[in-house]
Amino acid sequence: MAGGKMKKDKPQRGSSFGASNPHFQGGISFHKSKGQHILKNPLLVDSIVQKSGIKSTDVILEIGPGTGNLTKKLLEAGKSVIAVELDPRMVLELQRRFQGTPLSNRLKVIQGDVLKCDLPYFDICVANIPYQISSPLTFKLLAHRPLFRAAVIMFQREFAMRLVAQPGDSLYCRLSVNTQLLARVSHLLKVGKNNFRPPPKVDSSVVRIEPRGPLTPVNFKEWDGLVRICFNRKNKTIGSIFRQKSVLSILEKNYRTLQALQLSEKAPSDDMEMALDVSTLGESFGDLSMDADDGNDDDDVEMDDGDTKRAEFKERVLAVLKEGKYEENRSSKLAQADFMHLLSLFNKAGIHFS
């Protein structure tokens, strides 16, 4: 079930159950505030299943199955379906729909919050999800072990385009960089709002996500710390970002703390250990306006060079940028390899982001 940012439904007097009311199907009312928007176009459902590349041996994970329109096609295409559904009414409807059919033995329904429950083994995920869980769900899936082959998911269109954005694109942001560090992402098809009942206020897109394996050998907390800073003002030069008093203050505090404790951070090498940190990359993505260069210059105050130690630290930071020739670059145009190189240069100089 898909959903955008919706106002909570208000109960209406005289509402009747049935097809004449777009908020009901088969006697079940849909809650837009929970992202309950059912795919009603059978051709679109067929297209999603076909583009998913499901094998007859696949265990399929479906999130938010709703009344089971997509579930039925997935059961017919794969070996079995594990459906995770929060709404007990939908769970009941799903069980009733397939009870007594040959497909019932191949369907397992888990009632609960997909963000809180442990996910079992699956080969591929195909889902039309509530849009308000897009970011945490994406990174929960990418942290799942063992690795699955692919996830084919319906997202709000703007979120989807951020996932696939490349350096130089207007929607290229921290979400793009972090997702593409962990997976190959491709856009499959655009879906208009009228394909849903009730229709959401936004268009949607189906995206294919293929996890990379093995994981890139990088400390994810360090990586995300750097990327957060860079995309806070993505259209400013890297040099101007790292001259900001607020940025230098944080980095200097980390630097002094590590010096005092005489610690050296090492990137975890074990694949499972690194997977535990993947969730770090998905934090604070609730607002689609994230990473926007909003023109607010409150933090654009340069560090005062009056203090000798602070001046020396500032020079250390700027020396890293000069060494990598990043001073005049902008985050909005840097590729994965650039961020990886920049992080390695900072760490080599004893400068850390977590």
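Only a predicted model underlies this, so the values are computations on that prediction, with no experimental measurement involved.

> What's the story with the sheet that holds strand β8 (residues 150-156) in this structure? I'm lost.
Through backbone hydrogen bonds, the strands of a sheet pair up, either in parallel or in antiparallel fashion. Strand order in the open sheet made by the seven strands is β6-β5-β4-β7-β8-β11-β9, with mixed pairing throughout. Every other strand in the sheet has two partners, leaving β6 (107-111) and β9 (183-191) as the edge strands with one partner each. Taking the axes of each pair of neighbouring strands and ignoring which way they run, one obtains an average angle of 20 degrees across the sheet. As paired strands, strand β4 (residues 59-63) and strand β7 (residues 124-128) are joined by two bridges and run parallel to one another. Each bridged residue has a counterpart across the sheet, and for Ile 60 the counterpart in β7 is Ile 124. Contacts between helix α2 (residues 69-77) and the sheet are confined to β4, β5 (80-85), β6 and β7, with β4 contributing the most and set at about 175 degrees to the helix.

> How do you make sense of the nonpolar core when you look at a structure like this?
Side chains that are nonpolar tend, in soluble globular proteins, to be buried together. Ranked by size, the top nonpolar core spans 96 residues in total, and within it Leu 61, Ile 129, Leu 141, Phe 155, Trp 223, Phe 242 and Phe 346 carry the most contacts. Counting residues per element, this core draws most heavily on helix α7 (residues 220-232), which supplies seven residues.

> For this particular structure, what's the right way to read the confidence of the model for the chain?
Low-pLDDT stretches of the model should not have their predicted coordinates read in fine detail. Across the chain, the average pLDDT comes to 84, with 79% of residues at or above 70. Overall, residues 2-26 carries pLDDT values under 50, and its contacts beyond four positions in sequence, including any with other chains, amount to 55 contacts.

> Explain α2 to me, please; I cannot follow it from the model alone.
Given 3.6 residues to a turn, an α-helix orients residues that are three or four positions apart in the same direction. Within the span of α2, buried status applies to Leu 70, Thr 71, Leu 74 and Leu 75. Looking straight down α2, one finds that the buried residues subtend no more than 135 degrees of arc, so they occupy a single side. Where α2 is buried, its residues meet α1 (42-52), β4, β5, α3 (88-98), β6 and β7.

> Please clarify how the pattern of salt bridges should be interpreted in this entry.
As a working rule, side chains carrying opposite charge can pair if their charged atoms are close by. If you walk through the whole model with that rule in mind, you get 11 salt bridges. Between Glu 327 and Arg 243 there is a salt bridge whose closest N-O contact spans 3.0 Å. In this pair, Glu 327 is assigned in the loop between α11 (308-324) and α12 (336-348) and Arg 243 in the loop between α8 (238-241) and α9 (245-261), connecting sequence segments 84 residues apart. Arg 256 serves as the salt-bridge partner of Glu 252, at 3.2 Å between the closest nitrogen and oxygen.

> It is not clear to me how the packing of aromatic side chains should be interpreted in this structure. Could you clarify?
Centre distance and the angle of the planes are the two values used to describe a pair of aromatic rings. Counting across every chain of the model gives nine aromatic pairs. Between Phe 155 and Phe 159, the aromatic rings sit 5.1 Å apart at their centres with planes inclined by 45 degrees, giving tilted as the arrangement. What makes Phe 155 buried here is its relative accessible area of 0%. The exposure class assigned to Phe 159 is buried, which follows from its relative accessible area of 4%. Each ring, one from Tyr 172 and one from Phe 231, has its centre 5.8 Å from the other, and the planes form 70 degrees; the classification is edge-to-face. Placement of Tyr 172 in the loop between α5 (157-164) and α6 (174-182) and of Phe 231 in helix α7 is noted, with a sequence separation of 59 residues between them. One exposure class covers both Tyr 172 and Phe 231, and it is buried. Every member of this aromatic cluster is reached through a ring pair, and the members are Tyr 172, Trp 223, Phe 231 and Phe 339.

> Help me understand unusual backbone geometry in this model?
Only a minority of non-glycine residues have a phi that is not negative, and only a minority of peptide bonds are not trans. A cis geometry characterises the amide bond from Arg 197 onward to Pro 198, with omega recorded as -15 degrees. By secondary structure assignment, the location of Pro 198 is in the loop between β10 (196-197) and β11 (204-211). Following Gly 213, the chain continues to Pro 214 via a peptide bond in cis, the omega torsion being -5 degrees. Position of Pro 214 relative to the elements: it lies in the loop between β11 and α7. One non-glycine residue, Lys 325, lies in the positive phi region at around 60 degrees. Along the chain, Lys 325 falls in the loop between α11 and α12.

> Is there a simple way to think about the environment of Ser 331 in this case?
Mapped onto the secondary structure, Ser 331 falls in the loop between α11 and α12. When its relative accessible area of 0% is taken as the criterion, Ser 331 is described as buried. Considered as a pair, Ser 331 and Val 227 are 104 residues apart in the sequence and their alpha carbons are 8.5 Å apart. Those residues in contact with Ser 331, other than ones at most four positions away along the chain, are Tyr 172, Cys 230, Phe 231, Lys 234, Lys 236, Ile 238, Ile 241 and Phe 339.

Conventions adopted
- Residues numbered from 1 in each chain as written.
- Predicted model: local features only at pLDDT ≥ 70, side-chain atom pairs only at ≥ 80, totals over all residues.
- Heavy atoms only, no water.
- Pairing = 2+ DSSP bridges.
- Helix = DSSP H or I, 4+ residues; strand = E, 2+ residues; numbered from the N terminus.
- Axes fitted to C-alpha atoms, helices over the stretch in contact; angles between N-to-C directions.
- Contact = heavy atoms within 4.5 Å.
- Core = buried A, V, L, I, M, F, W, Y, C linked by side-chain atoms within 4.5 Å.
- Buried < 20%, exposed > 50% of the residue type's maximum accessible area, 1.4 Å probe, protein only.
- pLDDT = per-residue confidence, 0-100.
- Arc of directions from axis to C-beta.
- Salt bridge = Lys/Arg side-chain N within 4 Å of Asp/Glu carboxyl O.
- Phe/Tyr/Trp six-rings, centres within 6.5 Å; stacked < 30°, edge-to-face > 60°.

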